[in-house]
Amino acid sequence: MDISGNSFKFLQKRLFIWAVVVLLSGIENAFANNESIRFAEHVNLALRRTAHHLLLLNGDSLTNIPAVNQIDANTFSVRIENLAEYRKLPELLKQSLTVQKIERSYNVMVFNCETGALQLGYNMLDLNQPGGVPCENRDGKAGCFVVQVSFEPNLQKAAAEPFSAWWIFPFGTGLAGLGLFAWKRSRTRKSSALPIEDKPTSAFETSFGNSVFNSQNLTLTTSGSQHQLTYREAKLLDLFVRHRNQVLERDFILKSVWEDEGITVGRSVDVFVSRLRKLLATDNSIKISAIHGVGYKMEIHS
């Protein structure tokens, strides 16, 4: 067989393998999505169990526990109306995660519902340190708090599960034939490939104007400076960014940022908007305007 024939066979095999790999990747992604759903369900149960036992420790068996809020694929939060036993939270959360067989590393932050101030924060590794969890033994007043747990992404590739793939082969062969036909039609032409610049971006980062918002770390980077946001500031900024250049009514902002946590203080909107304005003051492409009698609008100019 001549060189041309060998080239055709080689190309056909490569295209066939490529077709199979593409289809297997799609199936693997489907399994990964199912795994993410199961993980979220287990975290939901673990956080609800933790909140339940924390309330019982305070002699409260009646307060309703709201739905667990999933902020992103690895971050979850639950609001606890009457939290006082901070020192019991780390161990109870650890037990609840063990019950649900969750083994990922995680960070915990406890925010004041009304002010958004960080009340307690630790990493799971602190549980085994001589000093224990930072601030857990300090006196704290009982009140409404949001417990937020951020898990490390699962970087381990899931093992392939058995499946029937007999239908892949006719598809792969047909795709290979089409690719071979196209190659034969263009083999006399000089091929040139344009370089593709692939700039990696984080799934948790959103760019707007000359600034970047990271929903996982609750950080805002603008003009080369990084600012740590409170839970409430991050929630309000995320709302503005998702609805950029749109007028948002005050009631809509309150319901989106505060009502799900049981707090609807009208002045909170003005206070937190003022904070975001100060943080974004160095980015001249962004302006948060007050629309008299209506609400606010984040304007982004190119």
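Reference entry: report on the structure contained in this document. (Residues numbered from 1 in each chain as written. Predicted model: local features only at pLDDT ≥ 70, side-chain atom pairs only at ≥ 80, totals over all residues. Heavy atoms only, no water.)

Points about the overall build of the protein
Here is step 1 of the chain: Helix and strand content of the protein: 6 helices and 12 strands.
Here is step 2 of the chain: When each of the 302 residues of the protein is scored for burial, the buried share is 36%.
Here is step 3 of the chain: Accessible area of the protein: about 18,500 Å², with a carbon and sulfur share of 53%. (Helix = DSSP H or I, 4+ residues; strand = E, 2+ residues; numbered from the N terminus. Buried < 20%, exposed > 50% of the residue type's maximum accessible area, 1.4 Å probe, protein only. Areas by Shrake-Rupley, 256 points an atom, 1.4 Å probe, with all protein chains shown as cover.)

Description of the state of the cysteines
Covalent bonding between the sulfur atoms of two cysteines defines a disulfide.
Here is step 1 of the chain: For the structure on display, the rule yields 1 disulfide.
Here is step 2 of the chain: Disulfide partner of C113: C144, at an S-S distance of 2.1 Å. Between C113 and C144 the disulfide shows an S-S torsion of about -65 degrees. By sign, it is left-handed. Taken together, the residues C113 in the loop between β3 (106-112) and β4 (118-123) and C144 in strand β5 (residues 143-151) connect sequence positions 31 residues apart.
Here is step 3 of the chain: What makes C113 buried here is its relative accessible area of 1%.
Here is step 4 of the chain: When its relative accessible area of 16% is taken as the criterion, C144 is described as buried. (Disulfide = S-S within 2.5 Å.)

A look at the nonpolar core
Here is step 1 of the chain: Counting 32 residues, the largest nonpolar core has F208, L237, F240, I253 and M298 as the members making the most contacts within it.
Here is step 2 of the chain: With sequence-adjacent residues up to four places away left out, L237 is seen in contact with F208, F213, L220, L229, L276, L280 and M298. (Core = buried A, V, L, I, M, F, W, Y, C linked by side-chain atoms within 4.5 Å. Contact = heavy atoms within 4.5 Å.)

Looking at helix α4 (residues 231-242)
Here is step 1 of the chain: Under the 1.5 Å per step criterion, the end-to-end length of α4 is 17 Å for 12 residues, consistent within 8% with the ideal 16 Å.
Here is step 2 of the chain: Where burial is concerned, most of α4 is hidden: 10 out of the 12 residues are buried.
Here is step 3 of the chain: Among all positions in α4, only Y231, R232, E233, A234, K235, L236, L237, L239, F240 and V241 are buried. (Expected span 1.5 Å × (residues − 1).)

What about the environment of N82?
Here is step 1 of the chain: Positionally, N82 belongs in strand β2 (residues 75-83).
Here is step 2 of the chain: Each C-alpha atom, one on N82 and one on C144, is 5.6 Å from the other, the two residues being 62 residues apart in sequence.
Here is step 3 of the chain: What N82 contacts, discounting residues up to four positions off in sequence, is L55, N58, D60, A142 and G143.

Looking at the sheet that holds β3
Backbone hydrogen bonds are what pair the strands of a sheet, in a parallel or an antiparallel way.
Here is step 1 of the chain: Ordered in space as β1-β2-β5-β3-β4, the 5 strands form an open sheet in which the pairing is antiparallel. Edge positions in the sheet fall to β1 (69-72) and β4, since each of these pairs with one other strand and no more. Taken over all neighbouring pairs, the strand axes of this sheet differ in orientation by 20 degrees on average, direction set aside.
Here is step 2 of the chain: As paired strands, β1 and β2 are joined by 3 bridges and run antiparallel to one another. (Pairing = 2+ DSSP bridges. Axes fitted to C-alpha atoms, helices over the stretch in contact; angles between N-to-C directions.)

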